[in-house]
Amino acid sequence: MRVGVVSDIHCNARGLSQALALMGDIDELICLGDSIYEYRFSNEVVALLRTRGAQVIVGNHEECFFGPHGARARARDGIDTKLAAWLAAQPHRRELEIGGKRLLLVHSTPWEPRGAYAHPGSALLAGFSKADADFVLYGHTHQQLVERIGRVLVINPGSAGDARDPRNSGMLSCAVLDTVSEEVTVLDFPDPQRQAI
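First things first, this report covers the structure right here in the doc. (Residues numbered from 1 in each chain as written. Predicted model: local features only at pLDDT ≥ 70, side-chain atom pairs only at ≥ 80, totals over all residues. Heavy atoms only, no water.)

## Quick look at the sheet that holds strand 8 (residues 152-156)
For clarity, the threshold we go by: Strand pairing is assigned whenever DSSP detects at least two bridges linking the two strands. Strands are runs of DSSP state E lasting at least two residues, helices are runs of H or I lasting at least four, and both sets are numbered from the N terminus onward. With axes taken as lines fitted to C-alpha atoms, and helix axes fitted only over the stretch in contact, angles between N-to-C directions fall between 0 and 180 degrees.
Spatially, five strands are ordered 4-5-6-8-7 in an open sheet, and the strand pairing comes out mixed. Edge positions in the sheet fall to strand 4 (93-98) and strand 7 (145-149), since each has one partner strand and no second. Pairs of neighbouring strands in the sheet enclose a mean axial angle of 20°, with direction left out of account. Where strand 4 meets strand 5 (residues 101-106), six bridges bridge the pair, whose relative direction is antiparallel. The partner of Glu97 across the bridge, within strand 5, is Arg102.

## Focus on the packing of helix 2 (residues 43-51) against helix 5 (residues 81-88)
As a reminder of what qualifies: Here a crossing is called left-handed whenever its near helix is offset anticlockwise from the far helix by less than a right angle, and right-handed whenever the offset is clockwise. The contact criterion used throughout is that any non-hydrogen atoms of two residues lie within 4.5 Å.
Across the interface, helix 2 lies against helix 5 with an axial gap of 10 Å and an inter-helix angle of 60°. Remark: the crossing between helix 2 and helix 5 carries left-handed chirality. Facing Asn43, Val46, Ala47, Leu49 and Arg50 of helix 2, the residues of helix 5 in contact are Lys82, Leu83, Trp86 and Leu87.

## A closer look at the nonpolar core
Applied cut-off: Residues grouped as a nonpolar core are buried Ala, Val, Leu, Ile, Met, Phe, Trp, Tyr and Cys residues, joined through side-chain atoms within 4.5 Å. Only protein chains enter the area calculation, which uses a 1.4 Å probe; residues under 20% of their type maximum are buried, those over 50% are exposed, and those in between are partly exposed.
Counting 31 residues, the largest nonpolar core has Val6, Ile9, Met23, Leu29, Phe41 and Leu49 as its most contacted members. Those elements that provide at least two residues to this core are helix 1 (13-23), strand 2 (28-31), helix 2, helix 5 and strand 9 (172-178). Per-element accounting of this core gives the leading share, five residues, to helix 1. Apart from residues no more than four positions distant in its own chain, Met23 is found in contact with Arg2, Gly4, Val5, Val6, Leu29, Cys174, Ala175, Val176 and Leu187. Counting residues in each nonpolar core, the second largest holds 16 residues, with Leu105, Leu153, Ile155 and Ala175 among its members.

Quick look at the structure:
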């Protein structure tokens, strides 16, 4: 099974579209949160995820938008209320079984309180080994990572919408996981949103 993984799109519909094109034929699409950006909502991004049947979780930016401080942002004209309701109903973590393998999807860390930044090389990553899963997929840092920690393969695809990883020349990225071979391909690409400016 080929699983496409995106995270931290932050309303960049062109970035998401480019990621989907680069990933090619996939059996499942996963979005690890922060599809929107704080108090901005993207009908285009959320519609694309919903139409593709993506397994979506919410991140800290969705929590801001749908939380008490996001009331004014949610009242803006032009927001598709059905898409907003769909995104608001997504969980902050998912446990999936794909191709006989267990996947845990989280935005930041598998433990509570969530929200810490587990950057590559961080001592926090050791805690991922305690997850009851074959793969832990997470985002939040905007920095790509593929590392086996204990028996768990930990994957962060980087960001498909807001590049912040100095190790890949500020490019956007996504990942494709083959659940059978456990091979992970990370795909870097320039931000089409910046190229259009």
